[in-house]
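# Coordinate analysis (summary)
Spelled out, the chains give:
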Amino acid sequence: MRTLIAAALLAALPFTAAAADGVSYTYVEAGWTQLQVNDDWLGDPDGDGGYLRGSFAIAENVHLFGGYSVVSTSYRYAPARVKYEVAQPEFGIGYHQEFTERLDFTADLAWMRLEAKTRISGTGDAELDGTYKDHVNGGRATVGLRGKPSARTELWARAGYIDGSDVEGSFAGYLGGQVAFNRTWGLVGEVEVIEDATRYSVGVRASF
């Protein structure tokens, strides 16, 4: 709670530093995502799907962000069919401070939720066939760097920790980049690693 209050106070302070030249904290993006889980019991399932995320600068050094992703995969255990689906909404607040004209320090706090759904059909057992749902809530804090190696490229790296009453504490790492087509449009990619799960994302971003 103290951390959230501190983040709210940061948003209200009259910061004078700006973002690194050419780095925008107001954007929307969408694309393809894949979640790979290293789990012997589940047989290392890979789920494919899509995502949508965005960010909006509310002050010179503070921005709000949010996103939603969903992946799914299906298996056949003759004659049954099992479909797994995992959705992840998140919302948070971020802070950035310019190091140099091309490099920012970043920090963020976010609420996140994992929603899992399993659909079983074709077993011939009415008590087994059906849809099963579960979810967990948690919080994430990360720090990192974001900058522009060149006029048309951007890179970022973040590391942090995810915890909450419904989840075990886990370290998380993020590495991503963007190649800009022009001042607005760019191609983005990111790799997210959390314990035994790795998420790959590729999409298109519009920056403002």
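What comes next is a walk through the structure. Treat the numbers as computed from the prediction; the structure is a model and nothing was measured. (Residues numbered from 1 in each chain as written. Predicted model: local features only at pLDDT ≥ 70, side-chain atom pairs only at ≥ 80, totals over all residues. Heavy atoms only, no water.)

## Concerning a nonpolar patch on the surface
The following threshold applies: What goes into a patch is any residue over 30% in relative accessible area without a salt bridge, connected to like charges within 9 Å or, for nonpolar side chains (Val, Leu, Ile, Met, Phe, Trp, Tyr), within 5 Å. Under the convention used here, a 1.4 Å probe and the Shrake-Rupley method define accessible areas, while residue burial counts only the protein chains that appear. Criterion for a salt bridge: a side-chain nitrogen of Lys or Arg within 4 Å of a carboxyl oxygen of Asp or Glu. Secondary structure counts use DSSP, requiring at least four H or I residues in a row for a helix and at least two E residues in a row for a strand, with both numbered from the N terminus.
A cluster of nonpolar side chains, namely Trp 32, Val 179, Phe 181, Trp 185, Leu 187, Val 191, Val 193, Tyr 200, Val 202 and Val 204, defines an oily patch on the protein surface of about 860 Å² accessible area. For the nonpolar patch, the secondary structure elements donating two or more residues are strand S9 (185–194) and strand S10 (197–207). Of the residues forming the nonpolar patch, the biggest block, four residues, is contributed by S9. By secondary structure assignment, the location of Val 204 is in strand S10.

## Comments concerning the pairing of strand S2 (residues 46–57)
Stated precisely, the cut-off is as follows: At least two bridges found by DSSP between two strands are what make those strands a pair.
Two elements, strand S1 (residues 27–37) and S2, share 10 bridges in a ladder whose sense is antiparallel. Opposite Thr 33, over in S2, you have Gly 49 as the bridge partner. Sheet topology note: the S2/strand S3 (residues 62–77) ladder contains 10 bridges and is antiparallel. For Tyr 51, the partnering residue across the bridge sits in S3 and is Ser 69.

## Observations concerning the environment of Gly 54
Let me state the cut-off plainly: In what follows, residue pairs with any heavy atoms lying within 4.5 Å of each other are defined as contacts.
Relative to the elements of secondary structure, Gly 54 occurs in strand S2. Each C-alpha atom of the pair Gly 54 and Tyr 68 lies 9.5 Å from the other, and the pair is 14 residues apart in sequence. Setting aside chain neighbours within four positions, we find Gly 54 in contact with Tyr 27, Val 28, Leu 64, Phe 65 and Gly 66.

## Thoughts on the nonpolar core
This is how it is decided: Throughout this description, the term nonpolar core refers to a set of buried Ala, Val, Leu, Ile, Met, Phe, Trp, Tyr and Cys residues connected via side-chain atoms within 4.5 Å. Only protein chains enter the accessibility calculation, which uses a 1.4 Å probe. A residue is then buried if its area is under 20% of the maximum for its type, exposed if over 50%, and partly exposed in between.
Core analysis: the largest hydrophobic core is formed by five residues, namely Met 112, Ile 162, Ala 172, Tyr 174 and Ile 194. Among residues more than four places away in sequence, those in contact with Met 112 are Gln 88, Pro 89, Glu 90, Val 136, Asn 137, Gly 138, Arg 140 and Ile 162.

## A look at unusual backbone geometry
With the exception of glycine, the majority of residues adopt a negative phi angle, and the majority of peptide bonds are in the trans configuration. Residue Glu 195 is not a glycine yet carries a positive backbone phi of 50°. Following the sequence through the fold, Glu 195 ends up in the loop between S9 and S10.

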